[in-house]
Amino acid sequence: MTTPVLGLRPVAGGVSEFWQQRADVVVIGTGVAGLVAALAAHRRGKRVGQRVIVLSKPSDREGATATYYAQGGIAVVLPDSDDSVDAHVADTVAAGGGLCDPDAVRSIVAAGHSAVADLVADGARFDEAAPARWALTREGGHTRRRIIHAGGDATGAEVQRALDVATAALDIRRNHTALRILHDDTAVTGVLVRNEDGLGILHAPSVILATGGLGQLYSATTNPAGSTGDGIALALWAGMAVRDIEFIQFHPTMLYDPNARGRRPLITEALRGEGAVLVDSQGSSVTDGVHPMGDLAPRDVVAAAIHARLAATGDDCVFLDARRIAEFGRRFPTVAAACAAAGVDPTRQPIPVVPGAHYSCGGVTTDAYGRTDLPGLFAAGEVARTGLHGANRLASNSLLEGLVVGRRAGAAAADHATQVGSV
Ligand code: FAD
Ligand code: SIN
């Protein structure tokens with residue numbers, strides 16, 4: 001090829017010659033949103049022979065997504081329960097500080113149970129309180145116990161495992177970094193990619209951004225190394241709008257370790273749902289009088305209360321006292337392992353915690369189906385701003401959004417490719 005792409009002019013026959021391939025749908029990301037989208041696109045488009053290619057930045061699979069690290073669970077309204085879509089919508093909007101899009105909230109929350117049912121059909125297994133009855137926990141901002149979980153506090157590992165297995169036959173390319181979304185004046189035409197062979201172009205009429213969050217822009221984060229906000233940059237370079245990106249959620253309880261660097265362990269909010277309490281170095285409650293929901297107030301309220309207490313006391317951290325939780329190691333094996341690695345025994349001593357950068361509430365502007373303003377460009381998962389989260393995401397609504405909007409975006413991307421044909 002001789003055409004310059006973004007000012008990069010390949011040398012014919014030289015090392016900088018672009019490799020080129022064609023697809024109908026390119027999905028960028030292999031977390032919950034990307035793999036659910038890829039499955040939906042594949043299932044929708046296979047009868048017309050569509051080709052779906054999925055990209056992932058790192059070469060290894062283990063721990064390469066934020067999805068893998070999710071702990072607390074998935075917020076979902078179960079039929080035949082005392083819960084309701086109205087209640088989940090109200091909790092989401094209250095946590096979002098009045099900045100959610102109520103229509104998007106209702107649309108996504110109402111589709112939660114069917115999206116989880118699809119995930120179960122694809123092989124995911126959740127913890128049960130009794131045979132055929134899922135165990136439910138509670139987290140900050142929720143007025144009901146409505147959070148399903150797996151492996152105690154290893155929900156993300158189970159979601160990732162199930163989706164990795166379900167997508168095993170798909171064309172998944174690791175060590176493929178998306179550098180630019182390519183488009184003409186009217187629509188998407190492909191993706192510029194770097195892999196071990198150098199720069200290449202995947203020509204495609206539909207591209208789904210599912211690149212996750214940006215916690216690694218901060219020095220203290222729960223996010224894995226790849227969470228560097230690539231999708232926001234890709235969308236901005238393509239001239240797309242982003243919204244609400246000033247709303248970075250700080251999770252109240254990241255394990256405090258003065259010597260730790262890079263991704264730091266999360267101490268799940270579900271511990272507070274099961275009775276753990278937040279105290280300062282004098283044993284006084286951190287949230288008394290701050291909010292009627294106390295330690296289970298929405299996340300931004302609790303993180304701000306901790307910040308204020310640390311500023312007032314000059315301490316380096318506060319403490320989560322989880323000593324009253326029975327069978328700690330069985331219910332919270334991920335947290336138990338992280339504490340053990342840091343020399344903390346949560347059955348005998350309070351866990352030192354501080355707030356840490358956790359989640360990007362805003363992102364690429366989309367509707368509740370993952371559609372952006374550029375025909376052929378879709379976004380789903382943490383990279384997208386659907387209007388579900390407003391200024392502060394309700395706990396365990398992210399995996400929910402990835403499942404619901406990922407599924408919709410995948411189907412819409414396949415339909416778009418069918419309408420447009422190859423580029
Ligand atoms: P990710 O799972 O982060 O996947 C992003 C993908 O994009 C990766 O495959 C990455 O390689 C790829 N990628 C990125 N940039 C590029 C590029 N330039 N080129 C190619 N590929 C690229 N949410 C809940 O709902 N419940 C929870 O219990 C929960 N617990 C959490 C615990 C932790 C410790 C963390 C960090 C988050 C938690 N969250 C939870 C939030 C939730 O896990 C994430 O928001 C969600 O998993 C994001 O999914 P995603 O598919 O959007 O992105
Ligand atoms: C947690 O388990 O505390 C994290 C849940 C979330 O980010 O929604």
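The preceding data block contains the structure.
Just so we're clear, the structure is a prediction, and the values are computed from it rather than from any experiment.

Describing the site of ligand 1
Right, on to step 1. Near ligand 1 there are 37 residues, and of these Thr67, Gly73, Glu382, Ser398 and Leu399 occur at the shortest range.
Right, on to step 2. Glu382 has a polar side-chain atom sitting 2.6 Å from an oxygen atom of ligand 1.
Right, on to step 3. Within the side chain of Ser398, one N or O atom sits 2.7 Å away from an oxygen atom of ligand 1.
Right, on to step 4. Considered on its own, ligand 1 offers 1000 Å² of accessible surface; in the complex 98% of this is hidden by protein.
Right, on to step 5. Among the secondary structure elements, those contributing two or more residues to the shell around ligand 1 are helix 1 (32–45), helix 2 (66–69), strand 9 (177–183), strand 17 (351–360) and helix 12 (397–420).
Right, on to step 6. Considered class by class, the residues forming the shell around ligand 1 number 13 nonpolar, 20 polar and four charged.

Describing the site of ligand 2
Right, on to step 1. Near ligand 2, the surroundings consist of Gln71, Gly72, Glu139, His251, Leu266, Thr268, Glu269, Arg299, His358, Arg393, Ala395 and Ser396.
Right, on to step 2. Taking Glu139, its side chain carries an N or O atom lying 3.4 Å from an oxygen atom of ligand 2.
Right, on to step 3. A distance of 2.6 Å separates an oxygen atom of ligand 2 from a polar atom in the side chain of Thr268.
Right, on to step 4. When the free accessible area of ligand 2 is taken as 260 Å², the share hidden by the protein chains comes to 92%.

Concerning the nonpolar core
The tendency in soluble globular proteins is for nonpolar side chains to be buried side by side.
Right, on to step 1. By size, the foremost hydrophobic cluster in this structure holds 50 residues, and its most contacted members are Val25, Ile74, Leu119, Phe126, Leu163 and Leu403.
Right, on to step 2. Mapped onto this core, the elements with two or more residues apiece are strand 2 (25–28), helix 1, strand 3 (52–55), helix 4 (102–110), helix 5 (112–121), helix 6 (155–166) and helix 12.
Right, on to step 3. Looking at which element gives the most residues to this core, the answer is helix 12, with ten residues.
Right, on to step 4. Apart from residues no more than four positions distant in its own chain, Leu403 is found in contact with Val32, Val36, Ile74, Ala115, Val116 and Leu119.
Right, on to step 5. By size, the runner-up hydrophobic cluster in this structure holds 27 residues, among which are Ala220, Val318, Ile325 and Val335.

As for the packing of aromatic side chains
Right, on to step 1. As enumerated under the stated definition, the model contains four aromatic pairs in all.
Right, on to step 2. Where Tyr68 meets Tyr69, the ring centres are 5.1 Å apart and the plane angle is 90 degrees; that geometry is what we call edge-to-face.
Right, on to step 3. For Tyr69, a relative accessible area of 25% translates into the label partly exposed.
Right, on to step 4. Here the aromatic rings of Phe126 and Trp134 are separated by 5.5 Å at their centres, their planes lie at 75 degrees, and the arrangement is edge-to-face.
Right, on to step 5. Judged by its relative accessible area of 7%, Phe126 is buried.
Right, on to step 6. The class for Trp134 is partly exposed, based on a relative accessible area of 22%.
Right, on to step 7. One Lys or Arg, Arg393, reaches over the ring of Tyr359 and ends 4.0 Å from the middle of that ring.
Right, on to step 8. Positioned over the ring face of Tyr369 is Arg408, at 4.3 Å from the centre of the ring.

Side note on the sheet that holds strand 20 (residues 384–385)
Right, on to step 1. Taking strand neighbours across the sheet as the criterion, the three strands line up as 13-18-20 in an open arrangement whose pairing is mixed. Strands with a single pairing partner mark the edges of an open sheet, and in this sheet they are strand 13 (242–243) and strand 20.
Right, on to step 2. Taken together, the two bridges between strand 18 (residues 363–365) and strand 20 define a ladder with parallel strand orientation. Residue pairing across strands places Val364 opposite Ala384, the latter belonging to strand 20.

Rules used in this analysis
- Residues numbered from 1 in each chain as written.
- Chains lettered and ligands numbered in written order.
- Predicted model: local features only at pLDDT ≥ 70, side-chain atom pairs only at ≥ 80, totals over all residues.
- Heavy atoms only, no water.
- Near = heavy atom within 4 Å.
- Polar contact = N/O pair within 3.5 Å; in protein donor to acceptor, adjacent residues only side chain to side chain.
- Areas by Shrake-Rupley, 256 points an atom, 1.4 Å probe, with all protein chains shown as cover.
- Helix = DSSP H or I, 4+ residues; strand = E, 2+ residues; numbered from the N terminus.
- Nonpolar A, V, L, I, M, F, W, Y, C, P; charged D, E, K, R; others polar.
- Core = buried A, V, L, I, M, F, W, Y, C linked by side-chain atoms within 4.5 Å.
- Buried < 20%, exposed > 50% of the residue type's maximum accessible area, 1.4 Å probe, protein only.
- Contact = heavy atoms within 4.5 Å.
- Phe/Tyr/Trp six-rings, centres within 6.5 Å; stacked < 30°, edge-to-face > 60°.
- Lys NZ or Arg CZ within 6 Å of the ring centre and 35° of its normal.
- Pairing = 2+ DSSP bridges.

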